[in-house]
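Next come the chains, spelled out residue by residue.
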Amino acid sequence: MAPDARPIGVIGIGWVGLVTAVCFAEMGHSVVAMDIDAKKVRGLSRGRVPIHEPGIDERLERNRERLTFTTEMEDVLEFARLLFCCVDTPPTYSGDADLSRVQAVVSQLPPDGEYALVMKSTVPSGTGRAIRRDAPGIAYVSCPEFLKEGTAVQDFLHPDRVVIGADSGAEWAADEVEALYRPLGGEIVRTDVASAEMIKLAANAFLATKISFINEIANVCEEVGADVTEVARGMGLDQRIGPAFLRAGAGYGGSCFPKDVSALKQLAGNTGYHFQLLTAVIEVNELQKRRIIGKLQKHLGALAGKTIALLGLAFKPDTDDMREASSLVLAARLQGEGAKVRGYDPVAREAAGKLLPSVELTESAADALEGADAAVIVTEWPEFAELDWTSLRERMAKPVVVDGRNFLDGRALSKAGFEYEGIGLANGGAQAGATPPAESAEASPR
Ligand code: UDX
């Protein structure tokens, strides 16, 4: 693979920026990556990875000589002319995306026609056009990222598709971006900037809709004695539907879905269009995070004074990311009911400590379960399936397991004397003959 002659610039070394920088280096390119966080930059220069993401550490180590980390924009501008913008665009109180960090980047670029800004950050449709209007001397390319945390490196190196949006005048930059990604083999979608921006928002909103849909089906399943894992399996075999993202659970979280769904809803609202479907998707997701409370009350009665162990705090396995995690809502609601909350996560302990100061964080799942009245599986970390639940039952005050991800073998737990209840499972999942939905089959012990 012929490395690009000029280094690639990466601005913002968060999840997306770090994965982008390290993976381009892995492909043989030189990369200059910049972030305003001096501590992070110092750590990275010494080979320290600030996030938990499989496959990053060894690639950073292998490609140290191709990677330069800096806090100075001048360093990036001196060497690179393709600048991948990976700064964060968090939601504001209104639900609009906060573009101040993107604007700060744009304001530092010389408008002399030499540089191209390649937008990886998720921005509302129309942002690219506004930047082109305000800074016509910068070639603008929209190249949204579709990485999933936990599998981000694999997603980068083996993309389903790469979307590249450019308007007239920026084709040279789009061609260069295409040449960078072509060796990875995914389908290249060349389009205009506004459509590229919309593809990203629409894709994430659709996936979130799929999750809220299956969660509502799960809730109806509970009422009619059906089993949502069976329903999802049967639905997912229809090629028009597909098996992915049909896992019912305690709601979606993370840095993308909640933000992008509300950004798209807000974007539509700003034009005077009320996106009714997304309003419901958001509401269903919020309610879903709370349904665990009702299940606990069913088994324990009032929760005041009870000790509840939350197993898994990150928003999904294989990450230490706590953004919009269901555990945050659950812990707050449980404490609101007067319960004592313990939490355990294999990697998110440090991140969780900052956000859940009044939750007792333990070193192991067993410690969290010691004397607990109930365990809640919030995140489906594989190690929870490998626990010796039979001996743990003796250590709990009450043998109640509410499985917010339908991850454990409910029948085995019931046989071991637990009161087990999943999400949308016939008889709570204790006696059902359910099998996992196809997408999660490899990770699930059910
Ligand atoms: C997502 C998109 O998948 C990715 O394309 C985009 O770039 C960023 O947002 P990510 O946030 O890393 O990626 O996580 P993802 O694996 O998609 O899961 C998001 C949330 O949905 C998690 O909380 C997960 O537990 C939940 N989920 C996912 C379900 O509840 N059910 C499912 O069937 C799938």
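The rules we used
- Residues numbered from 1 in each chain as written.
- Predicted model: local features only at pLDDT ≥ 70, side-chain atom pairs only at ≥ 80, totals over all residues.
- Heavy atoms only, no water.
- Axes fitted to C-alpha atoms, helices over the stretch in contact; angles between N-to-C directions.
- Helix = DSSP H or I, 4+ residues; strand = E, 2+ residues; numbered from the N terminus.
- Parallel < 35°, antiparallel > 145°, perpendicular 65-115°, else oblique.
- Left-handed = near helix turned anticlockwise from the far one by under 90°.
- Contact = heavy atoms within 4.5 Å.
- Salt bridge = Lys/Arg side-chain N within 4 Å of Asp/Glu carboxyl O.
- Buried < 20%, exposed > 50% of the residue type's maximum accessible area, 1.4 Å probe, protein only.
- Near = heavy atom within 4 Å.
- Areas by Shrake-Rupley, 256 points an atom, 1.4 Å probe, with all protein chains shown as cover.
- Nonpolar A, V, L, I, M, F, W, Y, C, P; charged D, E, K, R; others polar.
- Domains from an automatic or database assignment.
- Phe/Tyr/Trp six-rings, centres within 6.5 Å; stacked < 30°, edge-to-face > 60°.
- Core = buried A, V, L, I, M, F, W, Y, C linked by side-chain atoms within 4.5 Å.
- Expected span 1.5 Å × (residues − 1).

Participant: Account for the packing of helix H9 (residues 193-224) against helix H10 (residues 228-236), naming residues and giving values.
Facilitator: Two numbers describe how H9 lies on H10: the axes approach to 9 Å, and their chain directions differ by 135 degrees. Taken as axis vectors, H9 and H10 run oblique relative to one another. In terms of crossing hand, the pair formed by H9 and H10 is right-handed. Facing H9, whose interface residues are Phe213, Ile214, Ile217, Ala218 and Cys221, H10 presents Val228, Val231, Ala232 and Met235.

Participant: How would you explain the pattern of salt bridges if you had to name every residue and give the values?
Facilitator: Applying the stated criterion to the full structure yields 32 salt bridges. A salt bridge links Arg101 to Asp88, with the nearest nitrogen and oxygen atoms 3.1 Å apart. Separated by 13 residues along the polypeptide, Arg101 in helix H5 (residues 100-107) and Asp88 in the loop between strand S4 (82-85) and H5 bring together distant segments of the chain. Overall, the relative accessible area of 36% leaves Arg101 in the partly exposed class. Judged by relative accessible area, which is 39%, Asp88 ranks as partly exposed. In this structure, the salt-bridge partner of Lys289 is Glu286, at a minimum N-O distance of 3.8 Å. With Lys289 and Glu286 both in helix H12 (residues 276-300), this residue pair falls three residues apart, about one helical turn.

Participant: Kindly report on unusual backbone geometry, identifying the contributing residues and their values.
Facilitator: One non-glycine residue, Asp318, lies in positive phi territory at about 65 degrees. We note that Glu324 has phi near 55 degrees; this positive angle belongs to a residue other than glycine. With respect to the element layout, Glu324 can be found in the loop between strand S9 (307-311) and helix H13 (326-336). Judged by its relative accessible area of 39%, Glu324 is partly exposed.

Participant: Provide a residue-level description of the site of the ligand, including the pertinent values.
Facilitator: Around the ligand sit 18 residues, and of these Leu147, Glu149, Arg247, Cys256 and Lys316 come closest. In isolation the ligand has 670 Å² of accessible area, and contact with the protein removes 95% of it. Tallied by class, the residues present in the shell around the ligand amount to nine nonpolar, two polar and seven charged. For the shell around the ligand, the domains that each give at least three residues are domain 1 (7-191) and domain 2 (225-429).

Participant: Mind laying out the packing of aromatic side chains, listing which residues take part and the relevant values?
Facilitator: Here the structure, examined in full by the defined rule, presents nine aromatic pairs. Residues Phe156 and Tyr181 carry aromatic rings whose centres are separated by 5.7 Å and whose planes lie at 45 degrees to one another, so their mutual orientation is tilted. One end of the pair, Phe156, is in helix H7 (residues 152-157); the other, Tyr181, is in helix H8 (residues 171-181), with 25 residues separating them in the sequence. In this pair, the class of Phe156 matches that of Tyr181, namely buried.

Participant: I'd like a rundown of the nonpolar core, residues and numbers included.
Facilitator: Leu296, Ile308, Leu310, Leu311, Leu334, Val376 and Trp389 are the most contacted members of the largest nonpolar core, which has 60 residues in total. Sequence-distant contacts of Leu310, that is, excluding residues within four places in its chain, are made with Ser327, Leu330, Ala331, Leu334, Val341, Arg342, Gly343, Tyr344, Val376 and Val378. Within the second largest apolar cluster, 46 residues are counted, among which are Val19, Cys23, Leu147 and Leu184.

Participant: Give a detailed account of helix H1 (residues 15-26), specifying residues and quantitative values.
Facilitator: Counted at 1.5 Å a residue, the expected span for H1 with its 12 residues is 16 Å, and the 16 Å between its end C-alpha atoms agrees. Within H1, 11 of the 12 residues are buried, which leaves the element mostly enclosed by the surrounding structure. Where H1 terminates, the next one or two residues include Gly28, which has phi positive at roughly 105 degrees.

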